[in-house]
Amino acid sequence: MRRLLVLLTCLAATLLVSGPVPADAGSARRSPESAYGRQAVKATNEARTGEGLRALRVTRCLQRYARAQARLMAQREEMFHQDLGRVMSGCGLSTAGENVAFGYSTGRSVVVDGWLNSEGHRANIMSTSFRLVAVAARRGHDGRWYAAQVFGAR
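Residues numbered from 1 in each chain as written. Predicted model: local features only at pLDDT ≥ 70, side-chain atom pairs only at ≥ 80, totals over all residues. Heavy atoms only, no water.

S.K.: Explanation requested: the environment of Pro-32 in the structure shown.
M.R.: Looking at the element boundaries, Pro-32 is found in helix α2 (residues 32–50). Residue Pro-32 is classed as exposed on the basis of its relative accessible area, which comes to 53%. Here the alpha-carbon distance between Pro-32 and Gly-107, two residues 75 residues apart in the chain, equals 9.9 Å. (Helix = DSSP H or I, 4+ residues; strand = E, 2+ residues; numbered from the N terminus. Buried < 20%, exposed > 50% of the residue type's maximum accessible area, 1.4 Å probe, protein only.)

S.K.: For this particular structure, what's the right way to read the pattern of salt bridges?
M.R.: Oppositely charged side chains are able to pair whenever their charged atoms sit close together. Going through the model one piece at a time under the given rule, you end up with 2 salt bridges. Between Asp-142 and Arg-144 there is a salt bridge; the shortest N-O distance is 3.1 Å. (Salt bridge = Lys/Arg side-chain N within 4 Å of Asp/Glu carboxyl O.)

S.K.: Hey, could you run me through the side chain of Gln-69 in this one?
M.R.: Note on placement: Gln-69 falls in helix α3 (residues 60–76). Owing to a relative accessible area of 4%, Gln-69 belongs among the buried residues under this scheme. Apart from residues no more than four positions distant in its own chain, Gln-69 is found in contact with Phe-80, His-81, Gln-82, Glu-98 and Ala-148. (Contact = heavy atoms within 4.5 Å.)

From the geometry alone we can't say anything about function, so treat these as descriptive.
Structure (structure tokens):
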């Protein structure tokens, strides 16, 4: 009985120190930005597997670079590429590539209507050299979406 009382006291103290869990604790996964990225990765992998290629795997390291690039493009309200040498050294990659875009309202649209209809962007998506991917998007003050898709392989 004494053990149970000590355990309950410790549990109560932990809850008091950590505070309540916010009702929206999982909302980061449901944000428009994360939904956009998930849709783009799904559309990318559907296009690849439809051509008999293996699906790409999302990594946190590439996600950080994609997120930073999308955020910077949205802040500047312009589209541009980042230094992929930094991505390669930062994530321990042997190769890297990037697709960027703006103005597409969904992650699926940026892939299907945008990148897959451009020879160079499609080549990145279908490259057998890449094994990893991350996509991030941010909305600029102009209301348009800015998206970055970063590829890599170790």
